[in-house]
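# Commentary on secondary and tertiary structure
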Amino acid sequence: MRLKTALSIAGSDSSGGAGIQADLKTMTCNGVFAMSAITALTAQNTTGVTGIYEVSPDFLGQQIDAVFTDIYPDAVKIGMVSSAPLIHVIAQRLADYDAPNIVVDPVMVATSGAKLLADDAIETLCTELLPLATVATPNLAEAEILSDQTIESEADMRSAAETIGRRYHCAVLCKGGHKVGGADDLLWTPQGIRWYRGERIDNPNTHGTGCTLSSAIAANLAKGLALEEAIGQAKEYLTGALKAMLDLGHGSGPLDHGYQLQNLTRI
C-alpha cells in the first residue's frame, strides 16, 4: 500500500514549536509522508518573533509546483500566510491541481489579540482560499472576524460556524477557548453539527497547538478518514501532546509532538 502524503503550506518557526516544523512532525507522527512549501522564514522562539522574511509569490508557486508535479499530496494544510499575493498564488495553484482534502487554519489574530493580516489579505483569504477548503479551523477571535459576529456562548459558536460555512461553502471547526467552552470545539457541516468535548489541561506550554491540530486533521484526511473521525483523532493526538508536559524555553513552550515515541526518545 502506498504511504499517504500531506503538504503543509506555512511559515517556518526557527524554534520548531509551530509552523512548518510543527506541521511536519505532526504529520509524520500521524502516519503520512510530510512535505512543505514555505511562505516565510521567521526568527522566533518561545518568547516571541524578532524577524520575518517573506518569500516571493513566484518562488512559493515554484515550491507548490515542485510538490504537485512529483509527489501529489493526499491532503493539504495551509497555515499563516501574511500577504494577499501569496494567498492568491496558493489558491490559484490548489485550484489548478484540483488539490484534495484542504485544511485551512486561518491564522489572523495573535494571542495578544493583535490582527496579523492586513485587510486585503483577509479579503483574499475569504474570497479565494476558504471556498476551496474542505474544513476551516478558526479560533474564536478568527471566527468573529470571518462571521462578523461576537462570540460569547456556545450558541454564538454555532451561529458563527454556520455563518462562515454557508458564506464560504466549507465545513468549519470553531475552536473553543477560555472565553467559551474551554477545550470544546464545534464542527459545522451542511449535514449538522458535532461537539468535540475536550479535556482542559493545565499546561502553560501551548505554542503551536493550532498548527498541530490542523496538521493532524490533514494527515487523517490523507489516510482516508471521514472528516468527523479525522477531527476526533486529531483532538486525541493534541491532548496527548499537551499531557506529555514538555517544558522547553523561557516562554510559552512547544508541545511534545513525539510523545508516542517516548520509549525511543527518552533516556
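All values reported here derive from a predicted model rather than from experimental measurement. (Residues numbered from 1 in each chain as written. Predicted model: local features only at pLDDT ≥ 70, side-chain atom pairs only at ≥ 80, totals over all residues. Heavy atoms only, no water.)

The next point concerns the layout of surface pockets. Roughly 160 Å³ of internal volume is contained in the second largest pocket. Contributing to the lining of the second largest pocket are 13 residues, with Lys25, Leu246, Leu248, Pro254 and Leu255 lying nearest its centre. Residues that form the lining of the second largest pocket fall into these classes: five nonpolar, six polar and two charged. (1 Å grid on protein atoms, 1.4 Å probe; cavity = no way out; pocket = protein on both sides within 12 Å on 5 of 7 lines; lining within 4 Å. Points joined across faces, edges and corners; volume = space filled by probe spheres on them. Nonpolar A, V, L, I, M, F, W, Y, C, P; charged D, E, K, R; others polar.)

Turning our eyes to something else, we now look at the packing of helix 1 (residues 19–29) against helix 7 (residues 209–222). It is the contact of helix 1 with helix 7, at a shortest axis distance of 8 Å, that shows an interaxial angle of 40 degrees. Of the possible angle classes, the one that applies to helix 1 and helix 7 is oblique. The handedness of the crossing between helix 1 and helix 7 is right-handed. Of helix 7, the residues touching helix 1 (which contributes Gly19, Ala22, Asp23, Thr26 and Met27) are Cys211, Thr212, Ser215, Ala216, Ala218 and Ala219. Classifying every residue of the contact of helix 1 with helix 7 by side-chain character gives six nonpolar, four polar and one charged. (Axes fitted to C-alpha atoms, helices over the stretch in contact; angles between N-to-C directions. Helix = DSSP H or I, 4+ residues; strand = E, 2+ residues; numbered from the N terminus. Parallel < 35°, antiparallel > 145°, perpendicular 65-115°, else oblique. Left-handed = near helix turned anticlockwise from the far one by under 90°. Contact = heavy atoms within 4.5 Å.)

Together, Leu3, Phe33 and Ile71 give the surface a local cluster of nonpolar side chains, amounting to about 260 Å² of exposed area. One can find Leu3 in the segment before strand 1 (5–10). Look at Leu3 and you get partly exposed, because its relative accessible area is 49%. (Patch = residues over 30% accessible without salt bridge, like charges linked within 9 Å, V, L, I, M, F, W, Y side chains within 5 Å. Areas by Shrake-Rupley, 256 points an atom, 1.4 Å probe, with all protein chains shown as cover. Salt bridge = Lys/Arg side-chain N within 4 Å of Asp/Glu carboxyl O. Buried < 20%, exposed > 50% of the residue type's maximum accessible area, 1.4 Å probe, protein only.)

In this section: the packing of aromatic side chains. Evaluated as defined, the whole model comprises three aromatic pairs. Consider the rings of Phe68 and Tyr97, whose centres lie 4.8 Å apart with planes at 10 degrees: the pair is stacked. Highlighted residues: Phe68 in helix 2 (residues 57–68) and Tyr97 in the loop between helix 3 (84–96) and strand 6 (102–104), separated in sequence by 29 residues. Since its relative accessible area comes to 5%, Phe68 is described here as buried. Ring geometry for Tyr237 and Tyr259: centres 5.6 Å apart, planes at 35 degrees, overall tilted. Linking Tyr237 in helix 8 (residues 227–243) with Tyr259 in the loop between helix 8 and helix 9 (262–265), this pair joins segments that are 22 residues apart in sequence. A relative accessible area of 2% means that Tyr237 is categorised as buried. The exposure class assigned to Tyr259 is buried, which follows from its relative accessible area of 15%. Through a chain of ring-to-ring contacts, three or more aromatic side chains come together here, namely Phe68, Tyr72 and Tyr97. Above the ring of Trp195, the side-chain terminus of Arg197 is found at 4.4 Å from the ring centroid. (Phe/Tyr/Trp six-rings, centres within 6.5 Å; stacked < 30°, edge-to-face > 60°. Lys NZ or Arg CZ within 6 Å of the ring centre and 35° of its normal.)

As a further point, take empty space enclosed by the protein. Taken as a whole, this structure holds one cavity of 30 Å³ or more when the rule is applied. Computed from the structure, the largest cavity encloses a volume of approximately 60 Å³. Considering the residues around the largest cavity, the lining is formed by Ile78, Gly79, Met80, Val81, Ile87, Val104, Asp105, Pro106, Val107, Leu117, Leu125 and Leu129. The residue inventory of the lining of the largest cavity, partitioned by class, reads 10 nonpolar, one polar and one charged.

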